Every structure is written in structure tokens, then in C-alpha cells.
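# Fold and geometry: a report
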Amino acid sequence: MTPERFAECLALLRWTTIDLTSALQCQLSWVEALESGHAEIPEDLALWLDRLARFHEAAGVPTSYRDMAGGRPRTFIIQR
């Protein structure tokens, strides 16, 4: 996996390097080295990220909850 694809996968997952660090329970400096191309991305990590990213891309984002007239989420007022 290239650093470009690595960054693309993180973007598709809406993850930051800190999110990935937390998921992997590893050092942030190592994830940053992967991102910059200063460390080789292990094959199993590359496959996992690629699969997750492809799934997220294919699943899309739900939109049925949005107010179609304005394109914004509906606002609900709760009266007490």
C-alpha cells in the first residue's frame, strides 16, 4: 500500500491518525511514519484498511433522516 492509498483509506473511514492509533493500540509516531512513507505499511494492516475503506465507500452515508427541502438535518424542539 502506498502512503497515498493509506491516506485515502483513512479519509474514507473518516479516521485521523489518532483514531487509527487508538484502534491499533500502537504509537502515534509509527502511524505518522506509515502515513509519510517513512515506514513500510505491513501487508495485513494494508489489507485490513483497504477492506474497511471499500466497505465504507460501498455502504455510503444514509440520507433519509435529512430534510429534503433544505438539505439539512431536521431540527426537533422538545417542549417541557
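In case you missed it, the structure is sitting above this.
For the structure given in this document, a descriptive report is provided here. (Residues numbered from 1 in each chain as written. Predicted model: local features only at pLDDT ≥ 70, side-chain atom pairs only at ≥ 80, totals over all residues. Heavy atoms only, no water.)

This part covers the packing of aromatic side chains. Applying the stated criterion across every chain, the model contains one aromatic pair. Here Trp15 and Trp48 contribute two aromatic rings whose centre-to-centre distance is 6.0 Å and whose plane-to-plane angle is 45 degrees, an arrangement assigned as tilted. Highlighted residues: Trp15 in the loop between α1 (3–13) and α2 (17–24) and Trp48 in helix α4 (residues 43–59), separated in sequence by 33 residues. Taking the relative accessible area as the measure of exposure, Trp48 reaches 33% and is therefore partly exposed. (Phe/Tyr/Trp six-rings, centres within 6.5 Å; stacked < 30°, edge-to-face > 60°. Helix = DSSP H or I, 4+ residues; strand = E, 2+ residues; numbered from the N terminus. Buried < 20%, exposed > 50% of the residue type's maximum accessible area, 1.4 Å probe, protein only.)

Moving on, we get to the pattern of salt bridges. Throughout the structure, instances matching the rule amount to three salt bridges. Across the pair Arg5 and Glu8 runs a salt bridge, and its minimum N-O distance is 2.3 Å. Placement of the pair is Arg5 and Glu8 together in helix α1, with a separation of three residues, close to one helical turn. Where Arg54 meets Asp50, a salt bridge forms, and the shortest distance between an N and an O atom there is 2.6 Å. (Salt bridge = Lys/Arg side-chain N within 4 Å of Asp/Glu carboxyl O.)

Only a minority of non-glycine residues have a phi that is not negative, and only a minority of peptide bonds are not trans. Positive phi values are uncommon outside glycine, yet Arg14 reaches one of about 60 degrees. Here Arg14 lies in the loop between α1 and α2. Non-glycine residue Gln25 carries a positive phi angle of around 55 degrees. Relative to the elements of secondary structure, Gln25 occurs in the loop between α2 and α3 (28–36). When its relative accessible area of 74% is taken as the criterion, Gln25 is described as exposed.

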